[in-house]
Protein chains: 2
Amino acid sequence: MGKKQNNQVKEITPMEVDFPQWYTDVISKTELVDYSPVKGFMVIRPYGYAIWENIQKAYDERFKATGHQNMYFPLLIPESLLKKEAEHVEGFAPEVAWVTKGGDKELAEPLCVRPTSETIICSMYAKWLHSYRQLPFLYNQWCSVVRWEKTTRPFLRTSEFLWQEGHTLHETPEEAQEETMQMLNIYREVAEDIMAIPVVVGQKSEKEKFAGAAATYTMEALMHDGQALQSGTSHNLGQHFTKAFDITYLDRNNEQAYPYHTSWGVSTRLIGGIIMVHGDDNGLVLPPRIAPTQLVIIPVAQHKEGVLDKAYELKDILGTEFRVELDDSDSNSPGWKFNQWEMKGVPIRLEIGPRDIENGQCVLARRDTGEKVQAALEGIAEAVRTLLDEIQQNLFDRALKMREEKTSTAVDMDEFKKNLKENPGFIKAMWCEDRACEDKIKDETGASVRCVPFDDEQEVIGEGKCVCCGKPAKKMAYFARAY
Amino acid sequence: MGKKQNNQVKEITPMEVDFPQWYTDVISKTELVDYSPVKGFMVIRPYGYAIWENIQKAYDERFKATGHQNMYFPLLIPESLLKKEAEHVEGFAPEVAWVTKGGDKELAEPLCVRPTSETIICSMYAKWLHSYRQLPFLYNQWCSVVRWEKTTRPFLRTSEFLWQEGHTLHETPEEAQEETMQMLNIYREVAEDIMAIPVVVGQKSEKEKFAGAAATYTMEALMHDGQALQSGTSHNLGQHFTKAFDITYLDRNNEQAYPYHTSWGVSTRLIGGIIMVHGDDNGLVLPPRIAPTQLVIIPVAQHKEGVLDKAYELKDILGTEFRVELDDSDSNSPGWKFNQWEMKGVPIRLEIGPRDIENGQCVLARRDTGEKVQAALEGIAEAVRTLLDEIQQNLFDRALKMREEKTSTAVDMDEFKKNLKENPGFIKAMWCEDRACEDKIKDETGASVRCVPFDDEQEVIGEGKCVCCGKPAKKMAYFARAY
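Each chain carries its own residue numbering, running from 1 in the written order of its sequence. All chains are assigned letters beginning at A, and all ligands numbers beginning at 1, according to the order in which they are written. The predicted nature of this model means local features are confined to residues of pLDDT at least 70 and side-chain atom pairs, given and counted, to a pLDDT of 80 or more, with totals for whole chains, interfaces and linings taken over all residues. Here the side-chain values reflect all heavy atoms present in the structure, with hydrogen atoms and water set aside.

Looking at an unreviewed UniProt entry, one finds chain A named Proline--tRNA ligase, with Eubacterium maltosivorans as its source organism. UniProt positions are given in the numbering used here, feature names are shortened, and annotations may be inferred rather than shown by experiment. What the UniProt record of chain A gives under Subunit (unreviewed entry) is the line "Homodimer." Note on chain A: under the UniProt heading Sequence similarities (unreviewed entry), the record states "Belongs to the class-II aminoacyl-tRNA synthetase family. ProS type 3 subfamily."

The next subject is the domain arrangement of chain A. Domain extents, as shown, originate in an automatic or database domain assignment. Each domain of chain A was delimited in the assignment, giving domain 1 (8-278), domain 2 (295-402) and domain 3 (407-480). For domain 2 of chain A versus domain 3 of chain A, the separation of C-alpha centres amounts to 46 Å.

In this section: the pattern of salt bridges. One side-chain nitrogen of Lys or Arg within 4 Å of one carboxyl oxygen of Asp or Glu is enough to make a salt bridge. Under the criterion given, the structure shown has 66 salt bridges over all chains. Close ionic contact of Glu53(A) with Lys64(B) constitutes a salt bridge, the shortest N to O distance being 3.0 Å. Of this pair, Glu53(A) sits in helix H3 (residues 46-65) while Lys64(B) sits in helix H3 (residues 46-65), placing the two residues on different chains. Lys64(B) gets classed as partly exposed once you look at its relative accessible area, which sits at 37%. For Lys418(B), the salt bridge is made with Glu422(B), and the minimal N-O distance between the two is 3.7 Å. You can see Lys418(B) and its partner Glu422(B) sitting in helix H14 (residues 413-422), 4 residues apart, about one turn around the helix. One network of salt bridges, in which partners are shared, links Lys57(A), Glu61(A), Arg62(A) and Glu189(A). Helix numbering and strand numbering both begin at the N terminus, where a helix is a DSSP run of H or I of at least 4 residues and a strand a DSSP run of E of at least 2. Exposure categories follow from relative accessible area, calculated using a 1.4 Å probe and restricted to protein chains: below 20% of the type maximum is buried, above 50% is exposed, and the middle band is partly exposed.

This part takes up the environment of Val200(A). Residues and elements named next belong to chain A. Mapped onto the secondary structure, Val 200 falls in strand S9 (residues 200-203). With a relative accessible area of 4%, Val 200 lands in the buried category. Distance in space between the C-alpha atoms of Val 200 and Cys 451 is 8.2 Å, their sequence separation being 251 residues. Those residues within four positions of Val 200 in sequence are excluded, and the remaining contacts are Thr 218, Met 219, Glu 220, Arg 403, Phe 426, Cys 451 and Tyr 478. Any two residues whose heavy atoms approach within 4.5 Å at even a single point are treated as in contact.

Here we come to the packing of aromatic side chains. Only rings of Phe, Tyr and Trp enter the pairing, Trp through its six-membered ring, and a pair is recorded when the two centres are within 6.5 Å. The plane angle decides the type: under 30 degrees is stacked, over 60 is edge-to-face, the rest tilted. Scanning the entire structure with this criterion turns up 36 aromatic pairs over all chains. Ring plane angle 65 degrees and centroid distance 5.8 Å describe the contact between Phe41(B) and Trp148(B), whose orientation is recorded as edge-to-face. Here Phe41(B) is found in the loop between strand S1 (33-35) and strand S2 (42-44), whereas its partner Trp148(B) is found in the loop between strand S7 (137-146) and strand S8 (160-170), with 107 residues between them in sequence. Since its relative accessible area comes to 2%, Phe41(B) is described here as buried. Residues Phe161(B) and Trp163(B) carry aromatic rings whose centres are separated by 5.9 Å and whose planes lie at 85 degrees to one another, so their mutual orientation is edge-to-face. Here Phe161(B) matches Trp163(B) in class, with each residue buried. Put simply, the rings of Trp52(A), Tyr59(A), Phe63(A), Trp142(A), Tyr187(A) and Trp264(A) touch in pairs and so form one group of aromatic residues.

With that out of the way, let us pick up helix H14 (residues 413-422) of chain A. Residues and elements named next belong to chain A. All of the buried residues in H14 are Met 413, Phe 416, Asn 419 and Leu 420. Taken down its axis, H14 places every buried residue within 125 degrees of arc, on the same side. Set apart from the buried face of H14 by more than 90 degrees, the exposed residues are Asp 414, Lys 421 and Glu 422. The inward-facing, buried residues of H14 abut strand S20 (407-409), strand S21 (426-431), helix H15 (435-445) and strand S23 (475-480). Looking at where H14 begins, the residue whose side-chain oxygen comes 3.2 Å from the main-chain nitrogen of Asp 414 is Asp 412. Along the arc lie the directions from the helix axis toward the C-beta atoms. Here a polar contact is taken to be a pair of N or O atoms separated by no more than 3.5 Å, where protein atoms must pair a possible hydrogen donor with a possible acceptor and residues adjacent in sequence count only if both atoms sit in side chains.

UniProt marks residues 45-287 of chain A with the feature "domain: Aminoacyl-transfer RNA synthetases class-II family profile" (unreviewed entry), using the numbering shown here. Across residues 45-287 of chain A one finds 33% helix and 31% strand; the C-alpha atoms that close the span lie 19 Å apart.

Turning one copy of the chain about an axis and sliding it along that axis gives the other copy, so a rotation and a shift relate them. When chain A is fitted to chain B, the best match, at an RMSD of 0.0 Å, comes from turning it 180 degrees and sliding it 0.0 Å along the axis. On this basis, the relationship between the two copies can be described by a two-fold rotation axis. When each C-alpha of chain A is compared by its distance to the rotation axis, Val99(A) comes out closest, at 2.1 Å. Interface overlap between copies: 100% of the residues of chain A at the interface are likewise at the interface in chain B, consistent with a symmetric, same-surface contact. Each copy is superposed on the other by least squares, with the fit set by C-alpha atoms of residues at a pLDDT of at least 70 in both.

Residue and element names in this part refer to chain A. Looking at the secondary structure, you find Thr 268 in the loop between strand S14 (260-267) and helix H9 (269-278). A residue is classified by how much of its surface remains accessible, and Thr 268, at 0% relative accessible area, is buried. Leaving out residues up to four positions away in the same chain, Thr 268 has contacts with Met 42, Ile 44, Trp 52, Phe 155, Phe 161 and Leu 162.

If you look at the interface, chain A gives 54 residues, while chain B gives 54 residues. Interface of chain A and chain B: buried area, both sides summed, is about 4200 Å²; carbon and sulfur atoms make up 65% of it. Seen at the junction of chain A and chain B, the total is 4 salt bridges. At the junction of chain A with chain B, the criterion picks out 23 residue pairs in polar contact (both at pLDDT 80 or more). Residue composition of the side of chain A that touches chain B, grouped by class: 34 nonpolar, 9 polar and 11 charged. At least two bridges found by DSSP between two strands are what make those strands a pair. Bridging between strand S5 (residues 97-102) of chain A and strand S5 (residues 97-102) of chain B involves 5 bridges; their strand directions are antiparallel. If you follow Lys101(A) over to S5(B), its bridge partner there is Trp98(B). Each of two parts loses accessible area, computed with a 1.4 Å probe, when they are put together; buried area is these two losses added. Charged means Asp, Glu, Lys or Arg here, nonpolar means Ala, Val, Leu, Ile, Met, Phe, Trp, Tyr, Cys or Pro, and polar covers whatever is left, Gly included.

Residue and element names in this part refer to chain A. The sheet built from 11 strands is open, its strands ordered S3-S7-S8-S14-S11-S10-S9-S22-S23-S21-S20 with mixed pairing. This sheet does not close on itself; its edge strands, each paired only once, are strand S3 (69-70) and S20. Where strand S10 (residues 215-222) meets strand S11 (residues 228-238), 8 bridges bridge the pair, whose relative direction is antiparallel. Across the sheet, the residue bridging to Tyr 217 is Ser 234, located in S11. Angular values range over 0 to 180 degrees, each being the angle between N-to-C directions of two axes fitted as lines to C-alpha atoms, with helices fitted over their stretch in contact. Its contacts with the sheet place H9 against S10, S11 and S14, and it is angled at close to 145 degrees to S11.

What follows is the structure, given as structure tokens:
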């Protein structure tokens with residue numbers, strides 16, 4: 001049995017051989033997720049869900065610290081509501097699931113399973129908002145949404161996923177813009193500080209923006225295979241929806257006014273990002289701040305007197321501060337356990353055997369570098385704390401280095417194509433902001449505009465001419481193939 | 001404006017006049033919930049959702065402490081899966097919503113929006129379980145479910161509600177029964193210790209049990225109007241589903257075996273229970289351990305120098321330990337604020353004005369009794385802590401007393417009907433356990449068997465004869481009209 005499963009570990013396809021297969025192997029062998037009997041729908045298993053709970057916690061506490069409260073709106077949205085904002089229905093109608101029957105009765109009006117909740121939320125905001133004194137509305141919802149997808153990959157693109165969607169109303173366009181940016185910054189902060197994923201942020205092109213938005217802002221991460229992952233978006237919706245849904249209030253001048261509106265979301269897709277940014281050929285590598293298990297204790301020669309006792313004692317001590325597992329199963333060898341927990345991406349493995357106990361020490365093995373160090377049992381919590389911080393930082397640094405190595409610049413389409421072929425990743429290039437060039441680049445290379453960075457991160461590449469048409473261009477954009 | 005909303009507070013219909021209207025007034029005026037554009041679906045507003053978050057937290061930490069992990073299964077279930085267990089489909093088919101179209105395509109097989117997830121979860125358990133070494137499976141899911149209802153009331157009966165559903169597998173029937181009881185006990189513990197709702201527990205009749213269960217256990221609470229509320233159920237599912245879904249594993253004797261199965265759930269219905277057990281004619285009364293705001297600070301003469309400063313200081317001090325709000329709006333009078341926060345059911349109101357500050361004290365007003373006490377500012381946290389505990393205990397005691405007053409015994413149908421009319425509530429009566437008597441009682445009185453208590457809480461009422469048919473009866477049951 002040990003042998004058989006040991007082989008299983010080895011059966012992860014190396015990234016270099018076949019990246020999509022590597023991903024599939026990792027998510028299934030580590031039991032993060034499984035395919036369900038409903039095509040395109042995934043089952044999130046406990047290990048995967050525990051990562052999601054940690055992501056939720058990190059975001060939820062930041063949402064609350066910035067004054068947002070959670071609510072819950074109906075799962076089903078009447079067709080007539082979905083249709084109220086023209087761009088929105090055009091964007092979402094092709095990918096919604098329709099409930100046409102309730103109990104044994106045909107419904108008079110079909111209800112769509114929410115693909116996102118702007119419409120139903122706006123219909124309620126119209127009822128609730130009366131006076132400027134009530135503004136801002138700062139609300140969020142954690143839920144699942146359904147978008148009918150043709151080709152799916154667990155976490156990255158599935159017909160159902162878990163997410164949060166914030167929906168806010170403000171008195172002025174400036175406040176709405178400030179909120180949009182604040183939430184983008186919170187998205188980035190958690191991505192970088194908690195998930196150790198460096199991201200580039202900026203604005204989406206008209207083509208890529210949210211259906212119904214005035215402007216969409218995004219954070220984009222780069223995966224091991226050089227593809228980008230849109231990892232969170234924050235939309236300034238202007239008055240598109242507030243006008244369509246007739247949300248009005250008495251403003252400070254006692255006049256009827258339409259508020260300004262934002263929405264913003266991150267989803268279980270982030271788990272795909274964590275896997276593809278940090279993982280390696282031995283499986284998952286989880287940043288300590290997001291890892292369901294931060295440290296696993298593996299007793300060596302556990303049948304020898306005192307070993308298990310010491311292991312339990314360590315679990316008690318470390319368990320008060322860290323998320324700790326103790327693998328005391330006697331049907332598997334320590335070597336098998338090492339492989340298993342390595343595959344699961346646990347940041348630190350603590351090995352403890354009879355000789356270690358005699359010497360008052362143990363071995364701490366890092367998942368990120370494979371290094372092993374001796375640590376005194378006295379003051380072990382301090383040693384673990386320091387090491388977890390080091391691992392967290394190292395994972396971020398490593399991911400940033402990878403991204404930088406995979407980021408290039410191009411001044412014309414030849415260079416653009418050459419880079420994409422030889423060193424796939426982000427390409428920074430000038431863009432005239434015309435849809436025609438955007439489409440042409442996509443058609444010829446598969447790369448899309450990921451975002452146009454904000455002014456303080458703008459650069460002039462080459463002579464400032466559009467990489468596609470050669471006309472003068474004001475903006476540098478990040479291009480990449482994307483999930 | 002102050003006046004107008006002050007009147008609003010007065011507009012709560014007294015319970016004695018019209019209990020359903022009282023309930024409707026309370027949930028809407030306190031902004032717990034609202035009606036949505038989709039008939040039978042509710043919007044849970046921030047104040048209501050914050051109560052749900054506290055309920056979730058209390059249960060989730062107990063589930064985890066007893067070894068359960070969370071997962072997430074698809075929202076949509078293929079018709080063929082729903083149909084695999086005969087009793088189950090019969091019970092649920094009439095009330096499910098059907099998705100028949102995805103994007104612009106008719107689906108080959110209709111998908112139902114989950115009314116509960118036994119079927120889809122069992123289809124995955126069949127794939128995952130191989131060996132007794134993997135047992136028990138101890139998993140839970142937090143999600144929304146849809147059951148098409150004809151008449152709905154927010155929290156109590158809606159076409160969509162939020163809940164958790166635990167789904168476990170075990171080697172032996174004894175372990176499954178132990179799990180079923182353990183979870184019922186956890187349900188009771190949180191209901192009583194956190195929500196201050198005393199409950200009676202016991203077994204459901206064959207008629208009332210979950211569709212597909214071997215046995216259903218329930219906790220039942222009694223509302224102010226004498227109606228019972230089924231507040232949480234725990235099902236021993238035996239091998240009904242594991243056989244229907246062909247979940248097998250190699251047991252300790254190396255033979256194929258079917259595991260034993262449980263499921264258990266509580267929902268947002270509990271919020272309805274909190275409202276109807278503790279509320280009064282002035283609005284909500286929230287137990288401190290579940291209240292989104294445990295204490296509200298209301299400055300008196302807040303324009304006077306030092307008042308607001310002191311109020312903020314108190315908020316900082318108390319806010320580290322309790323959930324505290326400070327109402328510093330200057331458009332409303334303290335009196336209006338008193339009424340408003342009273343209606344919202346906040347357990348303690350802290351009043352602080354210039355004279356209080358001079359004397360180094362403040363006023364603490366209890367929501368449950370209306371009493372006001374002076375408290376020294378020095379050591380205020382300790383005083384608040386003690387008072388919150390007292391309020392928590394008092395609410396439980398009061399609810400228990402109410403239940404006892406509304407619990408009677410009956411030896412025949414005349415007494416049964418008289419009691420239900422004169423003092424509606426629980427009726428303890430002997431029951432022969434025949435469906436015919438159960439149906440007759442329901443038809444004639446509207447009361448159903450709420451539960452048959454466990455042996456240690458059994459009593460013999462009168463001469464031990466069935467309240468309906470007069471034949472010898474072994475069991476006492478709790479009867480009541482119910483939500």
